[in-house]
Every structure is written in structure tokens, then in C-alpha cells.
Amino acid sequence: MDNANRYADTYNATPTGPAHIRILDSTLREGEQHPHVSFSVKQRIQIAWELDHFGVDQIEISPVISRDHAEATKTIIKQGLAADIVAHGRALKGDIDTILDCGASWCAAYLGVSDVHMRDKLRINREEAVRRAVETVEYAKSHGLKIRFTVEDGSRADPEFLARICKELKKAKVDRISLPDTAGIMLPHGMRRYVRAVRDVVGDLPLDVHVHNDIGFALANAFAGCEAGADQIHTTINGIGERTGIPTLAEVATAIHYLYKIPNEFHLDMLGDLSRLIDTYTQISTHESAPLVGTAAFKHKAGTHLAAVLRNPAAYEPIPPGAVGNYRTIVFGELAGKTGAAYLASLLGLDADKASAERLAEGLKTLHMGDILDIPLVDGAKRKVINQTGRDSG
Ligand code: HCA
Ligand code: CU
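Peer 1: Lay out the site of ligand 1 with the relevant residues and their values.
Peer 2: Around ligand 1 sit 14 residues, and of these His88, Arg148, Thr150, Ser178 and Thr182 come closest. Between Thr150 and ligand 1, the recorded distance is 2.8 Å, taken from a side-chain N or O atom to an oxygen atom. Contacts to ligand 1 include Thr182, whose side-chain N or O atom sits 2.7 Å from an oxygen atom. Its free accessible area being 360 Å², ligand 1 has 94% of it covered by the protein chains. Taken together, the elements giving at least two residues each to the shell around ligand 1 come down to β5 (146–152) and β6 (176–181). The leading source of residues in the shell around ligand 1 is β5, at three residues.

Okay, here's the thing in C-alpha cells:
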């Protein structure tokens, strides 16, 4: 079978694009900032194990929220997972102390650097912000921690001030800087400029991108940021987070593998189960048309689509559903057409000649939405219908 995506791949090719993109998953930190989401300690530990097995590079959790978060952080750190456990807190010595108390080796500290955050949230001036940022990094480093510093709301900060604080962070030997789009206001080309502006002042210091989805650009912005020199994207399972959240683990990992074609060791086939696990623990059900993991992500309805998919699923699918732990479904409803009808008959063990397939298709047209049958498409059945309609399986 030829590769149906090959010309699209040519358009997508990024000859100077990122050689490697890492994933930090923040389901246990940003994810718990989603309304009504709060995992139990046991659930946090299980989620950390699953994320580690999936193959993310870093797992973020905030021990400073409560005693129970600190307990989960300590226990997760003791598991000796392959992923770094990044303990997240404010740019305050007290938060670093809590993090140290958990036995962490990696931490992340955040501080608002936009005028609106400094003036109306923190009530500090620029000098104070620089002082706090530098002090926090020096304090963490002096205690042997690796530290990522987040210039919160950086996309809305005065670029001159942003450059200054990033320069100071580098001087203080910060290990990474996270460039967030905290209010979800960026466009992909704006995100590129934002990352490049910081890249220009910090040289080869590794940069993360943490982008919110308020207007729906988060996924595009995350990759735009990586094309401009960041090397780590923040995700959560199902994209949960403050307000409309951040890019989903499924979308980011799948894009790294299938679109950017960057070598990786992600277990993409865990994505469906991971999504359902978080649905269960949060009691928030993922929308059926959620990319990759939604129940409709590989569901085909229109007769023309069914006819094509029965011969070659690549006609209407970007990747095989099993690769991301999902499955293909055929909808037998008013749009199924003759091919769909013949296929349905074959599934029921009936021999449908042309005339009865047409009659069945007419009957399907009278179905109401509630009567529609969703049937997972299996390979054996596919071959049957192809024989029946006299088609070559190609
Ligand atoms: C927050 C801030 C943050 C931090 C991101 C990061 C943001 O919600 O408290 O640490 O990389 O969106 O700016 O999530
Ligand atoms: Cu955030």
C-alpha cells in the first residue's frame, strides 16, 4: 500500500526544524488547576507511573499546595522513575524549602513578569521582581536543586524587561526557562518572535513552552515555539488546566511522532487508555470529537467515506487508530449508502445482492439519529464486503 500522506509530508517537512522535542506533563500540577479536579494521593502516584511508562521526559507536580500534595510528591520521587519529577512552586524561599523537604532534585519557580501581574497581582516593581527571581534561583542552586524559572505572563511583558530578567536568570545559572503564554493570547508567528527574542539573549539555555488554549491556538503555538528554538512542550492528559487548559499529551506526542517525525520512545498506544483514566478520575468526559482519543476520532459516517474506508482506511484517516489506542467505527445511518448497507448485511451474515443492498440503504435512510448503529470495523468483515461487492481488495 502506498503512503497516502507522502505529499502532505513534503509540505510539512521542516528541514531546519527542531531535532528533538521533549515533553513535560503537568497533569498533576496544571491539570489539578482545572475546576473540580483533585486527584487522590494514590491516583497521583498511578498517573505518575503511567506517564513515566508512556515516556514523558518530565512530570510536574506542586507539593506546596497542601500536605497531601507534598505526600504524593515525596512518594512519587521515591519511586525512582526515569522521568524527572519537577516540583513546582512560587518564586519564594519558603516554597523552595517545601520542595527540598520532598527530596526533589528538580524544581520550577514562577513569577509574574508582565506589568499587570507585577502591579495588580504581586504589587511589586520591576526591581523587586528581578531581585526575587535571582534570589530564588541562587537559593535553589545553593541547595543542589536544578531549577526551571517561569516568567509567568511573559508573552504580555515588556520585551525589554523580559530580556533583562532572562539575562539575570542565566547569570544566576538557571537550568531552564519556561516561556508561558499564560493568558492564551498568542498567534503562532507571535509565539515564534517571543521565543526568538528570549533565545537571542540567553544563547543555548534550554527553553520550555507552556501555552494556554483560551482562543484555541495552544497546540499550534507550542510547536511554533519549538520551531523558534524551545525544546520542551508542557502538556496535560486531555488538556485539562486552568480555564481552557493547555495542549493535550495525545496531540503533542502524536504530532512529534507522525508530523515532525522526530525519533522518540513514546508508547503512543497508551493514549486512549490514559485519556479514559483521566476521564474516570476527573468525571469529566472527553468530547467525542477530541482529536485522536475521542470516540468519533476514527468514526466514519457518509456513504462515500464508508465506501472508501472499507477499501483503504487511509482515505479518511491521518494515522491508524490502533497506533494511539483508539479504534475505527462505522456508523450505519441515513447516510450509509449501498456499500454501507451491503457491509452491514455481511456483518449480519446475510448475502446482499445489489437490489437488496439498495433496499437496505433506503431503509437506513428512514432511521432517526437515535437508531443509528455504531459498529467497530474489523479486518475480517472488511474483506467479506469487498468480495461481496465484487471489488478487488487492492
Ligand atoms: C499558573 C502559572 C502557569 C505557569 C507555567 C509554568 C502559567 O497557572 O500558576 O510554570 O511553566 O500558565 O503561566 O501555569
Ligand atoms: Cu499554566
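Structure shown, so let's carry the discussion forward.
Peer 1: Account for the nonpolar core, with residues named and values stated.
Peer 2: Core analysis: the largest hydrophobic core is formed by 92 residues, its most contacted members being Phe54, Ile59, Phe149, Val151, Ile177 and Leu249. Considering every element that reaches this core, the biggest residue donor is helix α6 (residues 126–142), with seven residues. If we ignore the near neighbours within four places in the chain, the residues touching Phe149 are Ala91, Ala109, Leu111, Ala133, Thr136, Val137, Leu169, Val174, Arg176, Ile177 and Ser178. Val309, Phe332, Ala341 and Tyr343 belong to the second largest nonpolar core, which has twelve residues in total.

Peer 1: Lay out the packing of aromatic side chains with the relevant residues and their values.
Peer 2: Inspection of the entire model under this criterion finds three aromatic pairs. Relative to Tyr260, the ring of Phe223 has its centre 4.8 Å away and its plane inclined at 15°; by these criteria the two rings are stacked. Placement of the pair is Phe223 in helix α9 (residues 218–227) and Tyr260 in the loop between α10 (249–259) and α11 (271–282), with a sequence separation of 37 residues. Here Phe223 matches Tyr260 in class, with each residue buried.

Peer 1: Now, about the pairing of β5: what can you tell me, with residues and values included?
Peer 2: The buried count for β5 comes to six of seven residues, which makes it a mostly enclosed element. Bridge count for strand β4 (residues 106–112) against β5 is seven bridges, and the pairing is parallel. In the strand pairing of β5, Gly112 is matched with Glu152. In this view, the connection linking β5 to its parallel neighbour β6 by way of helix α7 (residues 159–171) has right-handed handedness.

Peer 1: Provide a residue-level description of the domain arrangement of the protein, including the pertinent values.
Peer 2: Interface size is commonly expressed as the accessible area that is lost once the parts come together. Partitioning the protein into structural domains gives domain 1 (6–282) and domain 2 (299–377). If you average the C-alpha positions of domain 1 and of domain 2, the two centres end up 42 Å apart. Opposite the seven residues of domain 1 that make contact, domain 2 presents six residues. A combined buried area of about 470 Å² lies between domain 1 and domain 2, and 59% of that area is made up of carbon and sulfur atoms.

Peer 1: For the sheet that holds strand β2 (residues 58–61), give the residues involved together with the corresponding values.
Peer 2: Paired through their backbone hydrogen bonds, the strands of a sheet run either parallel or antiparallel. The strand order around the closed barrel formed by eight strands is β1-β2-β3-β4-β5-β6-β7-β8, and the pairing between neighbours is parallel. In this sheet, adjacent strand axes meet at a mean angle of 25° when their direction is disregarded. With five bridges joining them, β6 and strand β7 (residues 207–211) adopt parallel strand pairing. Paired with Ser178 across the two strands is Asp208, which belongs to β7. On top of the sheet, α9 reaches β6, β7 and β8 (232–235); it is set at about 165° to β7, its chief contact.

Peer 1: Explain the pattern of salt bridges residue by residue, including any values.
Peer 2: Scanning the model with the defined rule gives 27 salt bridges in all. Here Arg148 makes a salt bridge to Glu60, at a shortest N to O gap of 2.7 Å. Of this pair, Arg148 sits in strand β5 while Glu60 sits in strand β2, and the two are 88 residues apart along the sequence. For Arg148, a relative accessible area of 1% corresponds to the buried category. The shortest N-O distance in the salt bridge between Arg176 and Asp231 comes to 3.0 Å.

Peer 1: A description of α7 should follow, citing residues and the corresponding values.
Peer 2: Here α7 is 13 residues long and its end C-alpha atoms lie 18 Å apart, about the 18 Å a rise of 1.5 Å per residue gives. Where α7 is concerned, the buried positions are Phe161, Leu162, Ala163, Ile165, Cys166 and Leu169. For α7, the elements touching its buried residues are α5 (115–122), α6, β5, β6 and α8 (188–202). The distance from a side-chain oxygen at the start of α7 to the backbone nitrogen of Glu160 is 2.9 Å, and the residue carrying that oxygen is Asp158. A positive phi of about 70° marks Lys173, the residue just after α7.

Peer 1: Give me the sheet that holds strand β9 (residues 299–300): which residues, what numbers.
Peer 2: In space, the three strands of this open sheet follow the order β9-β10-β11, with mixed pairing throughout. Every interior strand has two partners, whereas the edge strands, β9 and β11 (373–376), have only one. Note that strand β10 (residues 329–332) and β11 share four bridges and pair antiparallel. Note on β11: the bridge partner recorded for Ile330 is Ile375.

Peer 1: Tell me about helix α13 (residues 337–347), and name the residues and values.
Peer 2: Since one α-helical turn is 3.6 residues long, residues separated by three or four positions face the same way. Burial analysis of α13 places eight of its eleven residues in the buried class, the great majority of the element. Considered for burial, the residues of α13 that qualify are Thr339, Gly340, Ala341, Ala342, Tyr343, Leu344, Ala345 and Ser346. Residue Gly349 follows α13 closely and has a positive phi angle near 80°.

Peer 1: Report on the side chain of Glu317, specifying residues and quantitative values.
Peer 2: For Glu317, the position within the fold is in the loop between α12 (303–311) and β10. Here Glu317 falls in the buried class, since its relative accessible area comes to 6%. Within polar-contact distance, the side chain of Glu317 engages the side chain of His300 at 2.7 Å. Excluding anything up to four places from it in sequence, Glu317 contacts Phe298, His300 and Arg328.

Cut-offs used in this document
Residues numbered from 1 in each chain as written. Chains lettered and ligands numbered in written order. Predicted model: local features only at pLDDT ≥ 70, side-chain atom pairs only at ≥ 80, totals over all residues. Heavy atoms only, no water. Near = heavy atom within 4 Å. Polar contact = N/O pair within 3.5 Å; in protein donor to acceptor, adjacent residues only side chain to side chain. Areas by Shrake-Rupley, 256 points an atom, 1.4 Å probe, with all protein chains shown as cover. Helix = DSSP H or I, 4+ residues; strand = E, 2+ residues; numbered from the N terminus. Core = buried A, V, L, I, M, F, W, Y, C linked by side-chain atoms within 4.5 Å. Buried < 20%, exposed > 50% of the residue type's maximum accessible area, 1.4 Å probe, protein only. Contact = heavy atoms within 4.5 Å. Phe/Tyr/Trp six-rings, centres within 6.5 Å; stacked < 30°, edge-to-face > 60°. Pairing = 2+ DSSP bridges. Right-handed = clockwise from strand over helix to strand, strands pointing away. Domains from an automatic or database assignment. Buried area = accessible area lost by both parts, 1.4 Å probe. Axes fitted to C-alpha atoms, helices over the stretch in contact; angles between N-to-C directions. Salt bridge = Lys/Arg side-chain N within 4 Å of Asp/Glu carboxyl O. Expected span 1.5 Å × (residues − 1).

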